[in-house]
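Listed below are the residues making up each chain.
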Amino acid sequence: QVQLVESGGGLVEAGGSLRVSCAASGNFFSIYGMGWYRQAPGKERELVAVISSGGSTNYADSVKGRFAISRDNAKNTVYLQMNSLKPEDTAVYYCNAVVRRSYRDSPVSSWGQGTQVTVSS
């Protein structure tokens, strides 16, 4: 089983910055894509940013130019640097990773439990 543990969430003022981290642990053969999603109360979960194993990235239009996703493959960790935060960014941020348990298995999608990010106006 793969565990994804997010950290770094909290309260920040509008215009401020915050960095959230997600570390993968457990038994797995490899990690492919990793990403961040978020969900505000009463709204659907949406993609924020994703990064491939090779470092290619994609961002939601709403965060493009403000957020930056990165990963440290040696640490099995993905980061999301959030700058120029807006109250609209307030949500629970979830880490996602596509992992392969062994070379005999197919990749599966795993989710963290989420970390709350609150941006005050």
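None of these values were measured; they are calculated from a predicted model.

## Considerations on the pattern of salt bridges
Move 1: All chains considered together, the criterion is met by 4 salt bridges.
Move 2: Note that Arg38 and Asp89 form a salt bridge whose closest N and O atoms lie 2.9 Å from each other. Of this pair, Arg38 sits in strand 4 (residues 30-39) while Asp89 sits in the loop between strand 8 (77-82) and strand 9 (91-100), placing them 51 residues apart in sequence. Like Asp89, Arg38 is buried.
Move 3: Through salt bridges that share partners, Arg38, Glu46, Arg66 and Asp89 make up one connected network.

## Re the packing of aromatic side chains
Move 1: Counting across every chain of the model gives 2 aromatic pairs.
Move 2: Seen in terms of ring centroids, Phe29 and Tyr103 are 6.3 Å apart; in terms of plane orientation they differ by 65 degrees. Their pairing is edge-to-face. Of the two residues, Phe29 sits in the loop between strand 3 (18-26) and strand 4 while Tyr103 sits in the loop between strand 9 and strand 10 (108-111), which places them 74 residues apart along the sequence.
Move 3: Relative to Trp111, the ring of Tyr37 lies with its centre 4.9 Å away and its plane at 65 degrees, an arrangement referred to as edge-to-face. Separated by 74 residues along the polypeptide, Tyr37 in strand 4 and Trp111 in strand 10 bring together distant segments of the chain.

## Concerning the environment of Val20
Move 1: Note on placement: Val20 falls in strand 3.
Move 2: Between the C-alpha atom of Val20 and that of Cys95, which follows or precedes it by 75 residues, the distance is 9.5 Å.
Move 3: Beyond its immediate chain neighbours, meaning those up to four positions away, Val20 contacts Ser7, Gly8, Gly9, Trp36, Val78, Tyr79, Leu80, Met82, Thr115 and Val117.

The rules behind each value
Residues numbered from 1 in each chain as written. Predicted model: local features only at pLDDT ≥ 70, side-chain atom pairs only at ≥ 80, totals over all residues. Heavy atoms only, no water. Salt bridge = Lys/Arg side-chain N within 4 Å of Asp/Glu carboxyl O. Helix = DSSP H or I, 4+ residues; strand = E, 2+ residues; numbered from the N terminus. Buried < 20%, exposed > 50% of the residue type's maximum accessible area, 1.4 Å probe, protein only. Phe/Tyr/Trp six-rings, centres within 6.5 Å; stacked < 30°, edge-to-face > 60°. Contact = heavy atoms within 4.5 Å.

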